Amino acid sequence: MPRLQPVYLLVMPNTLLLDVAAPAEALRIANHQQDDVRFVLRYVGTQRSVATSIGLRLSPLDVLPDDVPDNAWLVVTGTVEKPLPVQLPDGTMPDVSDIPTPDAEARAVAWLRQVVRPSHQLACICTGALLAARAGLLDARACTTHHGSCDALRTLAPSARVADNRLYVHDGNVWTSAGVTTGLDLMLTLIANATGPLCAAAVARQMVVYARRAGADPQLSPWLEGRNHLHPALHRLQDAIAADPAHDWTLASMAEIACASERHVTRLFREHAGVAPIDYLHRLRIALAREMLGNSQLDLERIAERTGFGSSRHLRRVWHKFETLPPSRARRVTHGG
């Protein structure tokens, strides 16, 4: 029989729907990828029905249950101030948002303070960390939140060590993530811890996530840097490199995918991505190597082979161009040591 893993999602008024949907979908897929652990979701809130960021309502919610199993995960989602306007069939556009009330927030804070125990895993996505901070659950802990709310988090939890530029942070039984899609990165890590890295990798592949980003990755990770442009040929080439960084990439093979000359590919990278082609490739390979350091026991020589470097010496030389810590230290940091 599979081990049941209860997961409680706290859904507040005007919740950011992606904070709920992405982690929940990852758990659904994880249930189909293995038979050892069965994730069971329970949606809770301060009221039976809440508005979401895109105008849809979620219901029914279980109103703040008195107790939570000792082995539960508690996921606190973020909220928005202004949900998307929605037009009804009759042409009207009513205000579909919930008006946040201090009473609702106070009840959620009191509930978290009451039910969260050391045996739980507390995961705060985006601005959900602010509720946890008000409950005193982030005091003296390392944590993060959406980059636009880091100062607010410092105000609510003065003793917390707030990281401005991390996808997610793990401290004891508390996990906090940055904005929006980073909730998926955090949940994939929790899934890996519960079921093993192969299941998490399968979930990522099913959700068309090229590679899981580690918590130590900056919020502007190498997988996203250099993509803020509109050139279709360069995007096509970057997609191909990101899908297989370990491939034996040459300027000629890049040019073939971009349908451009080698000289023009170099110009495209410098003009639109702000880097040389080789530096873009090396950044992705180092990101992949960092991921393998955190999620496997492979030695550095094997990791070098799997990430496209000819040797561990070559990997180390390129590593020091982009990282301040050596690979051995990065392995300990990624594992939370």
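Note that the coordinates shown come from a computational prediction; the quantities given were computed from them, not determined experimentally.

**Some points on the confidence of the model for the chain**
Argument step 1. On average, residues of the chain carry a pLDDT of 89, and 93% of them reach 70 or more.
Argument step 2. The low-confidence segment residues 333-337, where pLDDT is below 50, has 8 contacts with residues more than four positions distant or belonging to other chains.

**Quick word on the sheet that holds strand β5 (residues 62-63)**
Argument step 1. One open sheet holds the 7 strands; their spatial order is β5-β2-β1-β6-β7-β11-β10, and the pairing between them is mixed. Because the sheet does not close on itself, it has two edges, and the strands there are β5 and β10 (168-171).
Argument step 2. Pairing between β10 and strand β11 (residues 174-177): 4 bridges, direction antiparallel. Within β11, the residue paired with V169 across the bridge is T176.
Argument step 3. Running at roughly 150 degrees to β11, helix α5 (residues 182-195) makes contact with β1 (3-10), β2 (37-45), β6 (73-76), β7 (121-124), β10 and β11 of the sheet.

**Some points on the environment of W249**
Argument step 1. Mapped onto the fold, W249 is located in the loop between α7 (232-243) and α8 (251-258).
Argument step 2. You can call W249 buried: its relative accessible area is 11%.
Argument step 3. A polar contact is formed between the side chain of W249 and the backbone oxygen of D244, at a distance of 2.9 Å.

**Focus: the pattern of salt bridges**
Argument step 1. Under the counting rule described, the total for this entry stands at 12 salt bridges.
Argument step 2. As a salt-bridge pair, R107 and D103 come within 3.1 Å of each other at their nearest N and O atoms. Note that R107 and D103 are positioned in helix α2 (residues 102-115) at a spacing of 4 residues, about one turn of the helix.
Argument step 3. On the basis of relative accessible area, R107 is assigned to the partly exposed category, the value being 32%.
Argument step 4. Overall, D103 belongs to the partly exposed group, its relative accessible area being 47%.
Argument step 5. When salt bridges that share partners are traced, they join D67, D70 and R117 into one network.

**Quick word on unusual backbone geometry**
Argument step 1. Cis rather than trans, the peptide bond between S59 and P60 has omega equal to -5 degrees.
Argument step 2. Residue position: P60 is located in the loop between β4 (57-58) and β5.
Argument step 3. Of note in the backbone geometry, L64 takes a positive phi value of approximately 25 degrees without being a glycine.
Argument step 4. By the secondary structure assignment, L64 is in the loop between β5 and β6.
Argument step 5. Here L64 falls in the buried class, since its relative accessible area comes to 13%.
Argument step 6. Here the phi dihedral of C126 falls at roughly 55 degrees; this positive angle occurs in a residue that is not glycine.

**A closer look at the packing of aromatic side chains**
Argument step 1. Scanning the model with the defined rule gives 3 aromatic pairs in all.
Argument step 2. Note on F39 and W73: the rings are 5.4 Å apart at their centroids and 50 degrees apart in plane angle, and the pair reads as tilted. Taken together, the residues F39 in strand β2 and W73 in strand β6 connect sequence positions 34 residues apart.
Argument step 3. Under the relative-accessibility criterion, W73 is labelled buried at 6%.
Argument step 4. Seen in terms of ring centroids, F269 and Y280 are 5.4 Å apart; in terms of plane orientation they differ by 45 degrees. Their pairing is tilted. Of the two residues, F269 sits in helix α9 (residues 262-273) while Y280 sits in helix α10 (residues 277-295), which places them 11 residues apart along the sequence.
Argument step 5. Judged by relative accessible area, which is 0%, F269 ranks as buried.

Rules of the game
Residues numbered from 1 in each chain as written. Predicted model: local features only at pLDDT ≥ 70, side-chain atom pairs only at ≥ 80, totals over all residues. Heavy atoms only, no water. pLDDT = per-residue confidence, 0-100. Contact = heavy atoms within 4.5 Å. Pairing = 2+ DSSP bridges. Helix = DSSP H or I, 4+ residues; strand = E, 2+ residues; numbered from the N terminus. Axes fitted to C-alpha atoms, helices over the stretch in contact; angles between N-to-C directions. Buried < 20%, exposed > 50% of the residue type's maximum accessible area, 1.4 Å probe, protein only. Polar contact = N/O pair within 3.5 Å; in protein donor to acceptor, adjacent residues only side chain to side chain. Salt bridge = Lys/Arg side-chain N within 4 Å of Asp/Glu carboxyl O. Phe/Tyr/Trp six-rings, centres within 6.5 Å; stacked < 30°, edge-to-face > 60°.

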